[in-house]
Structures are given as C-alpha cells and as structure tokens.
Amino acid sequence: MFVYSQTSSYKSNTQIADSLEENGGEYLKALPYRTLALEETKHSEDYKKHIEAKWNFTKSCILEGYGGLENHTEALVYSRKAREILNSSSNPSIWFKHLIANRIYHQYGYTQNWKMTLVEAKENLKILQDTLPENYIKILRIIDDLGFINTKLNDYRTSLTYYNKSIDLYKTHHQENKIDLAMNYNSLAVNYNALGLKNRELNALLLSEKYWKKINNKYYPSFYSCYKKLASWYLYYGDYNLAETYLNKQYSIIDSLKHKKAEFVFERRRKYLDLYSNYIDLNLKKKDYKTAKKYIGLAENELKASTREFIEDVEYESLLYLYYSQLPSTPEKEAIEFIKKSIDLTTEYKELFFLDPTPYKIALFEKLKTLEFGTESEELLKSILSNYTQDNAHEQFYLTANYGNLFSKKEDYKTAEQYFLNAFKLLKKENLNRINLNTLKINDLKYFDSFEVINGILLVAESYSSRFQNSKNTLHLDTSHNLYLLASDVFNNLYLGKRYNESLYKTYKNIENGLTKTLVLMPSEEKIIASIEALEQAYSKLTWSKFLFNKQKHKLNIPDSILNTEADLKNLITYYQNERYSENEKGHLESDTLKNRINNLKLELSNLQDVIKNNYTNYYSRNYNTFQLSTFRETLNKNQLVVKYILNNNQVYCFSISKSKIDFRVLNVSNSIEEDVTNYVKTVADFNSENTTYSEKLKPIIQPIIESKKHTSIIIIPDEILNYLPFETLFNKKDLSSYNTSYASSLTLLNEQNNLVLNKDLQIGVFSTNNSSSELPSITQETSTILNYFTGKHFKNASKEAFLNNANSYTILHLAMHSNINNENPDFSNLEFVDGDLLVSELYNKSINAKLAVLSACESGSGSFEKGEGIQSISRAFTYTGIPSTVISLWKVDDLATSKIMSAFYKYLKNGDTKDEALKNAKLDYLKNTPEVALQHPYYWAGFVVSGNTDALVASHSYVLYFGIAFLLAILMFYFFSKKS
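Rules of the game
- Residues take numbers from 1 onward in each chain, read along the sequence in its written order.
- Only residues with pLDDT of at least 70 are given local features in this predicted model, and only at 80 or more are side-chain atom pairs given and counted; all residues enter the totals for whole chains, interfaces and linings.
- Hydrogens are left out, water is left out, and the side-chain values use all remaining heavy atoms of the structure.
- Looking at any residue, its pLDDT shows the predictor's confidence there, from 0 to 100.
- Only heavy atoms matter for contacts: two residues are in contact if any of them lie within 4.5 Å across the pair.
- Only residues whose relative accessible area exceeds 30% and that form no salt bridge enter a patch; like-charged residues are grouped when within 9 Å of one another, and nonpolar side chains (Val, Leu, Ile, Met, Phe, Trp, Tyr) when within 5 Å.
- The method behind every accessible area is Shrake-Rupley, applied with a 1.4 Å probe, and residues are considered shielded solely by the protein chains displayed.
- Salt bridge criterion: a side-chain nitrogen from Lys or Arg within 4 Å of a carboxyl oxygen from Asp or Glu.
- Put simply, DSSP marks the helices as runs of H or I at least four residues long and the strands as runs of E at least two long, and each gets a number from the N terminus on.
- Relative accessibility under 20% of the residue-type maximum defines a buried residue, over 50% an exposed one, and the middle range a partly exposed one, all with a 1.4 Å probe and only protein chains included.
- Here a helix's expected span is defined as the number of its residues, less one, multiplied by 1.5 Å.
- Definition used in this section: a nonpolar core is a set of buried Ala, Val, Leu, Ile, Met, Phe, Trp, Tyr and Cys residues joined via side-chain atoms within 4.5 Å.
- Two strands qualify as a pair provided that DSSP identifies no fewer than 2 bridges between them.
- Under this definition, polar contacts are N or O atom pairs within 3.5 Å; protein pairs additionally need one hydrogen-donor-capable and one acceptor-capable atom, and for neighbouring residues in sequence, both atoms have to be side-chain atoms.
- Angles run from 0 to 180 degrees between N-to-C directions of axes, and those axes are lines fitted to C-alpha atoms, restricted for helices to the stretch in contact.
- Oblique is the label for any angle not covered by the other classes, which are roughly parallel (under 35 degrees), roughly antiparallel (over 145) and roughly perpendicular (65 to 115).
- By definition, any crossing whose near helix is turned counterclockwise from its far helix by less than a right angle is left-handed, and any crossing with a clockwise turn is right-handed.
- When residues are sorted by character, Ala, Val, Leu, Ile, Met, Phe, Trp, Tyr, Cys and Pro go into the nonpolar class, Asp, Glu, Lys and Arg into the charged class, and all the rest, Gly among them, into the polar class.
- Centre distance within 6.5 Å is the pairing criterion for rings of Phe, Tyr and Trp, where only the six-membered ring of Trp is used; planes under 30 degrees apart are then read as stacked, over 60 as edge-to-face, and the remainder as tilted.
- Each ring is checked for a lysine NZ or an arginine CZ that lies within 6 Å of its centre and within 35 degrees of its normal; such an atom marks a charge sitting over the ring.

Notes on the confidence of the model for the protein
- The share of residues in the protein with pLDDT of 70 or more is 91%, and the mean pLDDT across the chain is 86.
- Below pLDDT 50 for its whole length, residues 1-9 participates in four contacts with residues either more than four positions away or in separate chains.

Side note on a nonpolar patch on the surface
- A cluster of nonpolar side chains, contributed by Val520, Leu521 and Val666, occupies part of the molecular surface with about 220 Å² of accessible area.
- Position of valine 520 among the secondary structure elements: in helix 25 (residues 502-521).

Digging into unusual backbone geometry
- The residue glutamine 112 is not glycine, and still its phi comes out positive at about 65°.
- Within the element layout of this structure, glutamine 112 appears in the loop between helix 6 (94-110) and helix 7 (114-129).
- For glutamine 112, a relative accessible area of 29% corresponds to the partly exposed category.
- The backbone phi angle of asparagine 649 is positive, close to 55°, even though this residue is not glycine.

Re the environment of leucine 381
- Inspection of the secondary structure puts leucine 381 in helix 20 (residues 374-386).
- Taking the C-alpha atoms as reference points, leucine 381 and lysine 760, 379 residues apart in sequence, are found 68 Å from one another.
- Setting aside its immediate chain neighbours within four residues, leucine 381 contacts Phe365, Leu399, Asn402, Tyr403 and Leu406.

Describing the pattern of salt bridges
- For the structure shown, the criterion picks out 37 salt bridges.
- Aspartate 478 is the salt-bridge partner of lysine 527, the closest N and O atoms lying 2.8 Å from each other. One end of the pair, lysine 527, is in helix 26 (residues 525-538); the other, aspartate 478, is in helix 24 (residues 474-494), and 49 residues separate them in sequence.
- Classification of lysine 527 as buried rests on a relative accessible area of 16%.

Some points on helix 11 (residues 198-212)
- With 15 residues, helix 11 extends 21 Å between its outermost C-alpha atoms, agreeing within 8% with the 21 Å of an ideal straight helix rising 1.5 Å per residue.
- Among the 15 residues in helix 11, 11 count as buried, and that is most of the element.
- Considered for burial, the residues of helix 11 that qualify are Lys198, Asn199, Glu201, Leu202, Ala204, Leu205, Leu206, Ser208, Glu209, Tyr211 and Trp212.

A short note on the nonpolar core
- If you look at the biggest cluster of nonpolar residues, it comprises 157 residues, and the most contacted ones within it are Phe424, Ile457, Phe491 and Leu747.
- No other element matches helix 12 (residues 220-237), which puts 10 residues into this core.
- Excluding anything up to four places from it in sequence, leucine 747 contacts Ile532, Glu536, Phe627, Leu629, Phe632, Val642, Lys644, Ile657 and Ile717.

With respect to the pairing of strand 2 (residues 651-658)
- Of all eight residues making up strand 2, seven are buried, and the element is well covered by its neighbours.
- Bridge count between strand 1 (residues 640-648) and strand 2: eight bridges; the pairing is antiparallel. Paired with isoleucine 646 across the two strands is tyrosine 653, which belongs to strand 2.
- Counted along the chain from strand 1 to the antiparallel partner strand 2, the turn is two residues long, and its residue asparagine 649 has a positive phi close to 55°.
- In sequence, strand 2 turns back onto strand 3 (residues 662-667) through a hairpin of three residues.

Here's the deal with the side chain of lysine 54
- Locating lysine 54 in the fold gives a position in helix 4 (residues 45-66).
- Take lysine 54: its relative accessible area is 13%, and that puts it in the buried class.
- Reaching out from lysine 54, the side chain makes a polar contact with the side chain of aspartate 18 at a distance of 3.0 Å.
- Once you skip the residues sitting within four places of it in the chain, lysine 54 turns out to touch Thr14, Asp18, Arg34 and Phe96.

Some thoughts on the packing of helix 22 (residues 413-425) against helix 23 (residues 451-471)
- It is the contact of helix 22 with helix 23, at a shortest axis distance of 11 Å, that shows an interaxial angle of 155°. Between helix 22 and helix 23, the crossing angle belongs to the class labelled roughly antiparallel. For the crossing formed where helix 22 meets helix 23, the hand is left-handed. Contacts between helix 22 and helix 23 involve Tyr413, Glu417, Phe420 and Phe424 from the first element and Ile457, Val460, Ser463, Tyr464, Arg467 and Asn470 from the second.
- Classifying every residue of the contact of helix 22 with helix 23 by side-chain character gives six nonpolar, two polar and two charged.

Some remarks on the sheet that holds strand 11 (residues 836-839)
- The strand order across the open sheet formed by three strands is 9-10-11, and the pairing between neighbours is antiparallel. Two strands in the sheet have a free side with no partner beyond their single neighbour: strand 9 (819-820) and strand 11.
- In the sheet, strand 9 pairs with strand 10 (residues 830-833) via two bridges, with the strands oriented antiparallel. By the bridge assignment, asparagine 820 is partnered in strand 10 with asparagine 830.

Examining the side chain of serine 377
- Secondary-structure assignment places serine 377 in helix 20.
- Excluding residues within four positions of it along the chain, serine 377 makes contact with Phe365, Leu368, Lys369 and Leu406.

Some thoughts on the environment of lysine 570
- With respect to the helices, strands and loops of the structure, lysine 570 is situated in helix 28 (residues 560-585).
- When neighbours within four sequence positions are excluded, lysine 570 is seen to be in contact with Lys553, Leu605, Gln609 and Asn845.

Considerations on the packing of helix 21 (residues 393-409) against helix 22
- The contact between helix 21 and helix 22 brings their axes to 7 Å, and the two run at 170°. On the basis of the axis angle, helix 21 is roughly antiparallel to helix 22. Contacts between helix 21 and helix 22 pair Phe397, Thr400, Ala401, Tyr403, Gly404, Asn405, Phe407 and Ser408 from the former with Tyr413, Thr415, Ala416, Tyr419, Phe420, Asn422, Ala423 and Phe424 from the latter.
- Classifying every residue of the contact of helix 21 with helix 22 gives 10 nonpolar, six polar and no charged.

Examining the packing of aromatic side chains
- Counted by the stated rule, this structure contains 46 aromatic pairs.
- When the ring centre of phenylalanine 96 is taken as origin, the NZ or CZ atom of lysine 54, which lies over that ring, is 5.4 Å away.
- The ring of tyrosine 236 is capped by lysine 198, whose NZ or CZ atom sits 4.1 Å from the centre of that ring.

Okay, structure coming up:
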C-alpha cells in the first residue's frame, strides 16, 4: 500500500495500470486502477474511449490468464469490445491497436478457431508493418505465429514460407536470439514431417539442436522436445542406435530436474509417459519384446490414477492399447480389439482435447490388410480417405495406392488404375498435365523422401506386375519396371548415405526384387542398364563414403580448428572403445554409461564429418548419386569382366558387365542356396573335408564366367551369403589357370578404387608379431623374402604405436600376425600387436595413404554378415581408411602355405603382374610345387583373395619392351620419311 500511495501522488490511475501491465503483466492489480480511471470526468471524449478500451483489454487479459475454453471465449468478447471502442475514437493509438489485435488472434487460437486466428494475425502484422521496419522484433514474433497458425490449418507450405522468412531475418538482424532460431527450426521440422520431406525435417532438427546447445538449459522443455523429435525421426528411419542415443538424452534431462521439485512434479508424469512410449516403440521395432513389456508396465503404473481429466491420460492410454496389439503374444482378434479401443477412446475425447483417431484407423487398416480381411479393410480405408483432411500428400498417396491395390486384387483393373492415377496426382508437379505411369520420372514429381511414398509406389508397381501375369500385355510390365525405378529414385532421396539398417535394407531388397523380376521377363539392354544404375545408386554407400572421405581429406582446405576437433573426438572414441573392450575381455557386464558416452561421441563425429563433406568436399558431392554405367565401362580393359550377383528370395541373378557387352540372367541354383554355400565354405575351410557334393550344386554360379571365354580378368561383386564363397574353388584346373579373380563390394566403390595414381618409389612396411603365445613359425622366412623384392622396413614384434605412426610412410603395408574375429561385436575384432590388440574400430577413424594392404593374418576377410553392408571384417576397416586394394584371408590359413603363397605373390608383383594375376600365379606355383595331394586341398591355397583395385604396382617388363619397340619404330619411320623428302 505504501508503494501505491507514493506512486499515485504523481501518476494517474491509467499510468499506474499501464506500468503494472507493461513491467510485470500484473493485470489483476491493474484492474482496480482501470476502474478508477473510468470514474474520472475531466477527460476528452476521445480519451474516455481510450480509458474504456483499456479496461476491456485488461479484463480480457485476466480471463485469458485463467485458461480454459469458457474463459478464453469470454476474454475474446472483451478484447473485441476494446477494439470496437478504440476504433470509434478519432485518433486511436497504433501501439494499443497492436496490443488488442495481438490478444484477439491469440484468443481465437485458444478457442481453436484457426481461420479467424489467421485473419486477425494478418491484421495485426499489417498494423505494425505500416509504421515499423520488417526486422522489428514484434513483427518477427507475429511472423512466427503466422507460421504456427498455418501449421494448425494444415497449410504446411505456407507455414514454411513464414518460418523461413523469420529465420532469415533473425540471422541477419537478431543473431543473439538463439531461442527463437532453435524454436523456428523445430517448427520447420514439424512442417517438413507433415509434408513427407524427411531429410529436410532431420536437417531442421539438427540445426535446432545446434542452437539449443548454445542456450542455458533452463529451457529444458524445448530442448527435450527437440531430442524427442530426433529420436522419433531415427525410429522412423530405422536407425535404432541413434534413436536410443536421443532417448537417453531425453532421460538425462528428466533426471536432472529431480532437484527442481515444483517444476519436476508438474512435468514429471507427462515427460515419463512420453519417454516410456518412445522406449516401447523402439523395443517393439527392435523385436526386444521383453524390454518393451517392461516399459509398458512402467507406463501402466503412471496411468493407474488416470481420470482422463488431462490430455496425456487419454493420449497414452490410447497408445498403450496400440502397443498391446503389436506384441506377438497378443492373439490376432485381441490385437484388432485393442486398436479399436484406441480409435473409440480418441474419438470420444476428440472435441475436448482436439485428438485425431486417424493414425489408429490407419494402424487398424494395416492389421486387417495383413490378415487379408478384404471387405472390412476396404470399408475402413474408404472411410479414412473420405474423411481425410490433412494436407499430407505422402500419407494420402500411400492410402490411395492401397485402396487401388484392393481393387487390383479383385482384378477390377479399371477401377484400380483410376485410384492409382489419383494417387500420383497428389505427388505430381503443377505443370504436369497428364500422368503416364509408363514414363513417369522423379523430375515429374514434387520432392518427396518418405517410406510412405516409396512403399506406395512399390505397391502400384507390384500390382502392374501381377496384372501382366494375366494380360501378358508388355505395357503393364513396362509400367511395373518404370515404377520400380521411380521407387529407387525416391529411396535415394531418403537414404542418408550412411550405414544401412533393417528398414532401409528391406526396402532396397523390395526394389531389387521388383527390378530383377521384370528383367527376367523382358531383359532389354536399356532396362538392364537402368536397373544396374538404380541398384548401385540405392545400395549402401557407407564403405564408399568412408573410403572417399579418407582418400580425399588430405587434399582439402579444411580449417585447423575443425581438424583438431575431429582429431579430439576420434581420440576420445578410441580411448573409450578400448576401455569397453578391456571390460569385455575381463568378462564384466558392459557399462551403459560407457556405451552412451561412445554413442554420443560417434554422433558428434558423424555430424562434424557431415559438415566437412557438405562444405569442403565438392568431389564427394559431385559423385554422390551419380553412378553411370557407361563411364564405368570405359575404365574396363577388353580382358575384364565384372560379374555382379544378386541373391533374393533364394534366387540368384547375375549381371555380366564388360567393355563391349552387358548381360542379365537367372542362375539355375537350388532353393537351398544359402545352406549349400554355408556347407561348401565349411568344407573348403577344413583340410579334412571333401567338397564334391556341394561344389557340383554351386557350379551354376560360375556359368557366366566360364561362358565368357575372351575375358581373363574376373571381378566378382557377391551378394549376401555369396560374400563368404571363394569362387575360384569352383573352377576346374584349366579354368583356375585361365582366370584372374578379384572381388569388390560394389561397382560404385570399385569405380573410386580404380582411380589409382602410382607412386614411383614403392616402399613396403612389414609389420609382424611372433611372440611365444601366438607362434607363427614361417613369419621370419615370409618377411625376409618379401623384402628381397621391395625396399622397405621390417617392424619385427611390432607395437600398435609403431604401426599407427608409420603406416602412412609406405605404399604397401604387409601385416603378418594373428587376428581375432568378434561376430557379436565387430568393433572388437582386432589384430594382435606385441603390446596389445588394434581394434578395427580404431582403424575406422584413420586415414592411410598406402595403395595396398596385405593382411597375412587368419580370417582377416571374415566376420559377421550385416545386411546391406557385407562382411564386417578387418579388411573392410582398411578400406575405410582409404586404401584401394587389400589381400585378405577368408579363414584360418595354414602358416607354411601362407608363407609360400605370400612370397610368390610379391615376386610376381615385382615382375609387373596385376594384383589378381600375381595372386593367381602364386597359388598355381604352390599347387605345382606341392606334390602331396592332401596339401593341395583348397584350405591351403584358396583362402587368400584380392579385393578392390587390381592394377599392377610395377610397370611390367613386357610393357617396357613394347614401349621401347614402339619408340624405335617411330625413330625409324621419322628417318625414312626424312630421307624420302
């Protein structure tokens, strides 16, 4: 009271009220002063209107502060009254008009009348823009709100326009407003998600995270929201490790709030329910049903006291019903009933909490479709589409394609085709007048990169393929093939170019299966080329990306600060990986803290390297997604044949690619191909076994090679289980001497590995260990012979440090030591150095300049098979470092045989043989000089293979001779013509 009496002695009631509202939003305290001001009589009529308008405004703000639909509706009456009174005055205050308009559009928003909210927000923007510059902070706030309002109206593209404009203005004029930038990028992500632009959504979220990290964590709800969206994105994409990393970040934020009791109690329940639902979703997708049930139990416990009074009660109860339906232990009929409960519950509370039952209806449709409940699923989908109000073209496309497919299954192709065309109309660019599915290309469509669009296209493609079986109309087959190519292009938009996951691999194999099935029926050269390029561009680019990045990095002008940060992160990852490995070797349980720390560091490193690739590696950007078969074929010589295998649904397909010809065929193998290869590899890797039966069953695999008589250099690109197969063991003796055989993981990677510039000065670094615990008796002989052919240095009983410090000094690296393969955790596979094990995960973070790595170690080419990525071997880690050629062992190779083959290999390399020819000749020498039949078993000689670039390291003597003859002829001809003239 003392303060008020002091103030009122020199301020009017209106001034006091204004001060209370402007300085602290004290509307309740201001209202008595507004009422007193109304009673004042000595003001002009205009000013009295101003006072009355302010009273209504203050009353409106008080009611708005109480919250709830009823109060917001009443608040709107007062704020509109305030505007009416103010506008009736002859000289209304522009600023006060803005304040009233600001409250009006917010109150319309609180009552969910978004159309009127938009009208009023635009009016408020106009009020300020008439008198203030565009970059004024209040104007920016309204632009932000217009973005939010348009999102609520499902006008996502207009919303993006507002948010992008706002972001540009903040960056130019208000860089200090990191909170606004973080929130706007978060809002961009929401809109990109709705439009099915998944990569743009991710980029926006990562930028939002970047800004939140620079802000005091008192804004934890927004930071938490960003992590939540990132976890959801990676769950959608199928990268469960990164999803879990962000879920753990969410948990750490909640955990850090425990000491803030008032805030924590308010937030705790909702945040934990949110987190539990995400963990349930993650573990259901990982098929870890035990852990999923654990989190379901925790969520049930939080909902025990639910009265459905709050939105989270209804939201998470509905989600729990959905999760019950997804447990494999739930009978199908019960699963359907659970989803129906979700639909009923969200429908019941739709008006009160503005909930949407559509996602649950779509989930029910997917369940009914799986169970082939034709009529019921058709009626449900018809209902969903007829009531669909979202501006969500990618999801609507998927649903419409499904609806068309229901008619296709009934062989009502005319109706099906109409729905398919309707579906693609949702994706097409505005300037495309007519849709022809037979010729439709990615450039005819708006940009999309979602699984919904890919799966919808695949569904239509499969429908036309099935239709061809009935009609035999090649137009239907052409349409099917074209749509599979289109699905591949959209897949490329989505794929980030990093490690494949189960979702990506499954989608890729569906595309691959569709393309090969249509090629079998119509194998034209044009379709073969298009299919090869599509499959190469969609295939995992992890190894290619790592190889190219490490090969090119030293040529780039990257700032020292970035390189130092990268080095620090790599060192930390190596340190913690070794700690983790050490704990594992001791038999201790893995620490979650250590695992999370490594995952966080890997994420930081990955993000930093993405920045480097995007900003400093033009070569990387140019070569991403641009594989062209014609360019690749130009690099082949006339003796080379590339044989690319595809294994899909126990069927083996084969592309044969040479400089002059391309071929595609289906190979006549048994349905037990995977079992046959597994058994055969066991026999060749065991010197006590016979392999006749299985080798005969596998002979069709090499038929394309045998039939190609004029090609002597064979490059094999295997698929899935074929990665373990030593193909040359299927040759007879004559063919074994006729063909040089090498391997590659993809055409794209091989194309880069073949860009080899030879060093004139060849130096070899030989690193060996031969301690008492791991005797390799022939190592001494092997290493001394090698150094007779090439100059270099032998690091006897080499340490890890010696290898890592000296590897970049040599053209050839030869490692003669034991290796250990860890199939459960490939990162723990290692090479045994004298002072400890070098983990493959340490090599992942190195760049090595050598041209060839010879891994004369047991099983250096072996390891667990990862779908889409191949064998997770030690040799792959050397490819990651940027080394274009590796010689590796597929199994535990005999020590004496290894020494003989390696010595001969270097002899032939020195003579100028290509790497594949040198290795073949070394093996032939071994067989020729080994009279004992038992020692000619493939176990002794077939384990070593060469992968990647096969060029000779030394110019051959014949090449020098030919060059000399040509030079001499040129001189003679010059002399002859000179004399003649």
